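# Report on the structure
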Amino acid sequence: MSAPFDRSMTGEVSGDVGQDWAVSPQAGDEERVVESALRPHSLHDFIGQPKVARQLALVLEGAKRRGRPPDHVLLSGPPGLGKTSLALIIGSELGTAVKITSGPAIERSGDLAAMLSNLSPGDVLFIDEIHRIARPAEELLYMAMEDFRVDVVVGKGPGATAIPLEINPFTLVGATTRAGLLTGPLRDRFGFVGQMEFYETADLERVLARSADLLGVELTEEGSAEIAGRSRGTPRIANRLLRRVRDYAEVEADGRVTRAVAQAALALYDVDHLGLDRLDREVLEALVTKFGGGPVGVATLAVAVGEEPHTVEEVCEPFLVRAGLLARTPRGRVATEAAWRHLGLAVPRGGIPLGRVTADPPGAGSSSEPLFDA
Ligand SMILES: Nc1ncnc2c1ncn2[C@@H]1O[C@H](COP(=O)(O)OP(=O)(O)O)[C@@H](O)[C@H]1O
Ligand SMILES: [Mg+2]
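Computed from a predicted model, the values in this text were never measured in an experiment.

## Observations regarding the overall build of the protein chain
If you tally the helices and strands in the protein chain, you get 16 helices and 9 strands. Taking all 374 residues of the protein chain together, 38% fall into the buried category. Intrachain contacts of the protein chain at a sequence separation of at least 6 include 65% that bridge at least 24 residues.

Okay, here's the thing in structure tokens:
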């Protein structure tokens, strides 16, 4: 048996999202049920993301005044920041139905054609993970987005004919964690692209206050600050940590989530004050103590902590890099000074060998160039 918050690979590469570690940005199956209870249902309820929220409010209001479906919307950003929530909010703000599917679920273009031709006027079609849509379906989508038309191919081989079919005007909302993987033609057909950002701690505290209300949890301001600071800028993680802390508060204390309760619970769950969990710290520790801070290849680093390279690469590294603790360089992974400090270790004398690793081609010394700016 693995420990309760041992983590498997993220869904980024393999496509599955069922995992149960405390600070994964992805949702497991059970979690999705809980999440739907905590989802904001209107732009008014949607906390933070001031830029995307305001831009989207204008897009929707303009469309309502013209009495036409708004432009197609692409929402891009890391998991757990509210893309699905916003897609559903678009439907409820417009007062239309939202049909939901996802890129990997659309295996044949015929499936997509059927879906598109079943849309009522003004419906929202939400395609999650749109970067994973199969190419033939994507091509069908071009015409649907632009001309509200699909070509239905009848027959096979040289005798096959394409019969154009009108579909009702609709709004496509696409969500992606990998905007860079979208093809140009698909990207160009979205009239509005919302780039979701990680949340400020203050916004996460508001998310937590709202969730605590909905869950009937008594959460003090200090308790909330404690959880928000460890949530990696991600509402999904904030909500998950709140639930774990609530369990602790109910079993080990009087049910109130105070700072002391939050600290004790999060220590028990191995989530440190930056939001790093056990594996994150093991990776950093190995890098610092076994490899002198690097540079070291990710495969070697993964062996040192007994994990798959791709778990280290996809699960730990993005946050370690964002937290300014680790840098990815052409020669391998390097710990930053902040990593030594975070582990409570003395930074090696003479600093860390960043100058050596900055240089891309060996010998091209550019020692003053900063490697990371976080
Ligand atoms: N702006 C927000 N305000 C309040 N709660 C949010 C917000 N964004 C996300 N959440 C919470 O986080 C959970 C995950 O959000 P979701 O929309 O599923 O993220 P994504 O689709 O980007 O992975 C939601 O269930 C919701 O409870
Ligand atoms: Mg989602």
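## A few points about unusual backbone geometry
For residues that are not glycine, phi is negative in most cases, and the peptide bond is trans in most cases. Omega for the bond connecting Gly294 with Pro295 falls within 30 degrees of zero, at 5°, which places this linkage in the cis form. In this structure, Pro295 sits in the loop between helix H12 (278–290) and helix H13 (298–305). Unusually for a residue other than glycine, Glu129 sits at a positive phi of about 45°. One can find Glu129 in the loop between strand E3 (124–128) and helix H6 (135–147). Judged by C-beta crowding, with 21 C-beta atoms within 10 Å, Glu129 ranks as buried.

## Re the pairing of strand E8 (residues 326–329)
For E8 and strand E9 (residues 332–335), the ladder comprises 4 bridges, and the chain directions are antiparallel. Note that in E9 the partner of Arg328 across the bridge is Arg333. In this antiparallel pair of consecutive strands, E8 and E9, the connection spans 2 residues.

## Some points on the sheet that holds E3
Strand order in the open sheet formed by 5 strands is E2-E3-E6-E1-E7, and the pairing between neighbours is parallel. Looking at strand neighbours, the two that pair on one side only are strand E2 (98–102) and strand E7 (192–195), the edges of this open sheet. Geometrically, the sheet is characterised by an average inter-axis angle of 15° between neighbouring strands, direction not taken into account.

## Quick word on the nonpolar core
Membership of the largest hydrophobic core comes to 32 residues, with the highest contact counts inside it found for Leu75, Ala87, Ile90, Leu125 and Val173. For Ala87, the residues in contact, after removing those within four places along its chain, are Leu75, Val98, Phe126, Val173 and Ala175. Core analysis: the second largest hydrophobic core is formed by 23 residues, Leu241, Ala249, Ala262 and Tyr269 among them.

## Let's talk about the site of ligand 1
Around ligand 1 sit 20 residues, and of these Glu35, Gly82, Lys83, Thr84 and Ser85 come closest. Breaking the shell around ligand 1 down by element, the ones donating at least two residues are helix H2 (29–38), helix H4 (83–94) and helix H10 (235–252). Split by residue class, the shell around ligand 1 holds 9 nonpolar, 7 polar and 4 charged. Summarising the domain contributions, the shell around ligand 1 has at least three residues from each of domain 1 (17–35 + 199–268) and domain 2 (49–195).

## Thoughts on the packing of H10 against helix H11 (residues 259–268)
Packed helix pairs are characterised by how far apart their axes lie and by the angle those axes make with each other. It is at 9 Å that the axes of H10 and H11 come closest, and there the two elements cross at 105°. Taken together, the axes of H10 and H11 are roughly perpendicular relative to one another. In this structure, H10 uses Leu241, Arg244, Val245, Tyr248 and Ala249 to contact H11, whose residues at the interface are Val261, Ala262, Ala264, Ala265, Leu266 and Leu268. Partitioning the contact of H10 with H11 into residue classes produces 10 nonpolar, no polar and 1 charged.

## Details of H11
Turning to H11, its buried residues are Val261, Ala262, Ala265 and Leu266. Summarising the axial view, the buried residues of H11 lie within an arc of 120°, below the 170-degree limit, and thus occupy one face. Buried residues along H11 sit in contact with helix H9 (221–228) and H10. Downstream of H11 by a residue or two, Asp270 has a phi angle that is positive, lying close to 65°.

## Quick word on the confidence of the model for the protein chain
Averaged over all residues, the pLDDT of the protein chain is 86; the fraction at 70 or higher stands at 88%. Below pLDDT 50 for its whole length, residues 1–19 participates in 39 contacts with residues either more than four positions away or in separate chains. Segment residues 355–374 is flagged for pLDDT under 50; beyond a separation of four residues in sequence, or across chains, it makes 23 contacts in the model.

Rules behind the numbers
- Residues numbered from 1 in each chain as written.
- Chains lettered and ligands numbered in written order.
- Predicted model: local features only at pLDDT ≥ 70, side-chain atom pairs only at ≥ 80, totals over all residues.
- Helix = DSSP H or I, 4+ residues; strand = E, 2+ residues; numbered from the N terminus.
- Buried ≥ 20, exposed ≤ 12 C-beta atoms within 10 Å, placed from the backbone.
- Contact = placed C-beta atoms within 7 Å.
- Pairing = 2+ DSSP bridges.
- Axes fitted to C-alpha atoms, helices over the stretch in contact; angles between N-to-C directions.
- Core = buried A, V, L, I, M, F, W, Y, C linked by C-beta atoms within 7 Å.
- Near = placed C-beta within 6 Å.
- Nonpolar A, V, L, I, M, F, W, Y, C, P; charged D, E, K, R; others polar.
- Domains from an automatic or database assignment.
- Parallel < 35°, antiparallel > 145°, perpendicular 65-115°, else oblique.
- Arc of directions from axis to C-beta.
- pLDDT = per-residue confidence, 0-100.

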